[in-house]
Every structure is written in structure tokens, then in C-alpha cells.
Amino acid sequence: MARERLSVAERREALLRAAVVQIEARGATAVRIADVAAELGVSNALVLYHFETKEQLVAAAFAHAAEEDLARLRTLLGRRTTAVRRLRAAVRWYAPTGQAKGWRLWIESWAAALREPALREVAASLDRAWKTELASVIAEGTAAGEFACADPNAAAWRLTAFLDGLAVQMTCYPGALPRATMLDWADTALARELGLPSVSDRRRRRGREGGTDGDAGA
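Residues numbered from 1 in each chain as written. Predicted model: local features only at pLDDT ≥ 70, side-chain atom pairs only at ≥ 80, totals over all residues. Heavy atoms only, no water.

1. So, the pattern of salt bridges
Definition in use: We count a salt bridge whenever a side-chain nitrogen from Lys or Arg sits within 4 Å of a carboxyl oxygen from Asp or Glu. Per the convention used, a helix needs a DSSP run of H or I reaching at least four residues, while a strand needs a run of E reaching at least two, with both numbered from the N terminus. Only protein chains enter the accessibility calculation, which uses a 1.4 Å probe; a residue is then buried when its area is under 20% of its type maximum, exposed when over 50%, and partly exposed in between.
For the coordinates displayed, the defined rule picks out nine salt bridges. The residue E133 makes a salt bridge to R74 at a minimum N-O spacing of 2.9 Å. Placement of E133 in helix α7 (residues 117-143) and of R74 in helix α4 (residues 54-77) is noted, with a sequence separation of 59 residues between them. For R74, a relative accessible area of 41% corresponds to the partly exposed category.

Following this line, the structure appears as C-alpha cells:
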């Protein structure tokens, strides 16, 4: 059977997805051009036609995967609802126990970026984009009077630093803590930055009052 002919853009997309699979399986340092070629059943020369070096391929593959998660974050933060609801939805998705698929790749990129300037530049740019998106919605909610935050940029840095550190622990030591605990910690960290009671705090208060937590999604 003749191999399906792909456009340049389609071939590049396929190579990037194959590279992501191989980086997650082997690590950014150990992965080879030959591994990516074998994943698709193509020649090393074809891979090198699109990416001149392994370092370029790894940096592009990381950017490809991270930008998909960034697009999802922007969708969550762009919903037509309160800033608090959008931030809570984003944090729960971004948390180590959420559906964000890029944690292992991020950790690989952080380690490889210590030695690879190209990857370090890509990772730093995408990291700034995540913080900017969160800070923008925090500033929006502050301006609307939903909560008080004196420095949205600093809040976004602290929040992502906490979640990144938690992700390293949970990726390296899966199952160390229950999923519910991780989500509770993520919500508490966000609530602290916004000067709001966390979901668990509201549930405890309503439990003492004999009511139900009608604001759980707020």
C-alpha cells in the first residue's frame, strides 16, 4: 500500500506529535531522531528535513504540546461568567490531578532547559503566557469588585509556583495523596490569593449552620 502523502504542515504536525510521545516515554535528553522516525515509520532524513537538529525538534514538540494546553486555559478563562468561577475552573483543570496532559513534558523541559538554551527560551515564553493569562483575569475580577488583590501579577506567580511544585511531587510520586486533597489545596491556594474563603471553608461553615453549600461553584 502506498504511504499517504501529507502536506508539509500535516507532516510537521505528525512529527511533533510523535516527538511528544517519545519524549514522554524516553525523556528529552535520551530521545533520538531515530526514535521519532520509528514512531511514524519514516526515515531519519525526513525528520531532519523538517527539524535540523534534535534540539530544535524537542523545543518545537514541547511548544506544540504546551500551546495546546495554553489554548485550553484561554478557553476556560474566556467564558462568560464571573472571574472567580473562571479562575476556579482553570485552577482545577491546571492542578496536577486535572486533565492538563503536559505535566510530564513540562518537567522534562525544565530539566533539559538547564543545558539547552533554545528549549529554555521556549519554556520561559510559554510560562510567561500562562502567568499573564491568569493575572489578567485576577485584575479583571479585582476591578469588578469580586475580590481584592493588590498585585495580580505576583498572585499569578505565587499560584503557578505552588501548582508547579505540587505537580513535580505528584508526577514523580503518583498516588502519594488523594485527588480530593490535591484539589482542595489548589482551591485554597487560589482563595488565599483572592482574599476569599475556600470551598472547604464555606462547606464547614454551612455545615455548622446546618445549611448546604449553594455557592460551591462560585
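That was the structure; now back to the text.
2. Here we look at the packing of helix α8 (residues 152-172) against helix α9 (residues 179-194)
Using the following cut-off: Interaxial angles span 0 to 180 degrees and are taken between N-to-C directions of axes, which are lines fitted to C-alpha atoms, for helices over the stretch in contact. What sets the label is the angle itself: under 35 degrees gives roughly parallel, over 145 gives roughly antiparallel, 65 to 115 gives roughly perpendicular, and the rest give oblique. Crossing chirality is assigned from the near helix's rotation relative to the far helix, an anticlockwise turn below a right angle marking it left-handed and a clockwise turn marking it right-handed. By the convention used here, residues are in contact when the closest approach between their heavy atoms is within 4.5 Å. Side-chain classes are defined by residue name, with Ala, Val, Leu, Ile, Met, Phe, Trp, Tyr, Cys and Pro counting as nonpolar, Asp, Glu, Lys and Arg as charged, and the others, Gly among them, as polar.
With their axes 9 Å apart at the nearest point, α8 and α9 run at an angle of 165° to one another. The orientation of α8 with respect to α9, classified from their angle, is roughly antiparallel. α9 is crossed by α8, and the crossing has right-handed handedness. Counting all contacts with α8, which are made through A155, R158, L159, F162, L163, L166 and M170, the residues of α9 involved are M182, W185, A186, A189, L190 and E193. Split by residue class, the contact of α8 with α9 holds 11 nonpolar, no polar and two charged.

3. Considering the nonpolar core
Definition in use: Residues enter a nonpolar core if they are buried and are Ala, Val, Leu, Ile, Met, Phe, Trp, Tyr or Cys, with the set joined through side-chain atoms within 4.5 Å.
Counting residues in each nonpolar core, the largest one holds 60 residues, and the members touching the most others are L57, F62 and L87. Counting only elements with at least two residues in this core, the list comes to α1 (8-26), α2 (33-40), α4, α5 (83-94), α6 (103-113), α7, α8 and α9. With 13 residues, the top contributor of residues to this core is α4. Sequence-distant contacts of L57, that is, excluding residues within four places in its chain, are made with L15, L16, A19, I33, V36, V47 and F51.

4. Here's the deal with the packing of aromatic side chains
Our working definition: Two rings from Phe, Tyr or Trp (for Trp, the six-membered ring) form a pair when their centres are within 6.5 Å of each other. A pair whose planes differ by under 30 degrees is stacked, one over 60 is edge-to-face, and the rest are tilted. In our convention, an over-ring charge means Lys NZ or Arg CZ found within 6 Å of a ring centre and within 35 degrees of that ring's normal.
The final tally for this structure, using the stated rule, is four aromatic pairs. On the basis of an interplanar angle of 85° and a centroid distance of 4.7 Å, the ring pair of F62 and W106 is categorised as edge-to-face. Of the two residues, F62 is situated in helix α4 and W106 in helix α6; the sequence distance between them amounts to 44 residues. In terms of burial, F62 and W106 fall into one category: buried. A ring pair is formed by W106 and W110, whose centres lie 5.9 Å apart and whose planes are at 45°; its orientation type is tilted. Of this pair, W106 and W110 both sit in helix α6, four residues apart, which is roughly one turn of the helix. The class of W110 is partly exposed, set by a relative accessible area of 29%. Taking NZ or CZ as reference, K131 lies 4.4 Å from the ring centre of W157, over its face.

5. Digging into empty space enclosed by the protein
Counted only if it meets this: Residues are said to line a cavity or pocket when one of their atoms sits within 4 Å of a point; the points come from a 1 Å grid over protein atoms alone, cavities being sets where a 1.4 Å probe fits but cannot get out and pockets being open sets with protein on both sides within 12 Å along at least five of seven lines. Grid points are joined across faces, edges and corners, and a volume is the space filled by probe spheres set on the points.
Enumeration over the complete set of coordinates arrives at four cavities of 30 Å³ or more. What lines the largest cavity is simply Y94, W103, W106, W110, D127, W130, K131, T160 and D164. Taken together, the elements giving at least two residues each to the lining of the largest cavity come down to α6, α7 and α8. Roughly 40 Å³ of volume is contained in the second largest cavity. Lining the second largest cavity are I23, A28, V58, F62, L105, E108, S109 and L119. Only α4 and α6 provide two or more residues apiece to the lining of the second largest cavity. When residues of the lining of the second largest cavity are assigned to their parent elements, the largest contribution, three residues, is made by α6.

6. Points about the confidence of the model for the protein
The condition that has to hold: Summary of the metric used: pLDDT quantifies the predictor's per-residue confidence within the range 0 to 100.
Averaged over every residue, the pLDDT of the protein is 85; residues scoring 70 or more account for 86%. Predicted confidence for residues 213-218 stays below pLDDT 50, and this span has 15 contacts to residues more than four positions away or in other chains.

7. Details of the environment of A161
As for its position among the elements, A161 is in helix α8. The class of A161 is partly exposed, set by a relative accessible area of 48%. Taking the C-alpha atoms as reference, A161 lies 9.9 Å from K131; in sequence the two are 30 residues apart.

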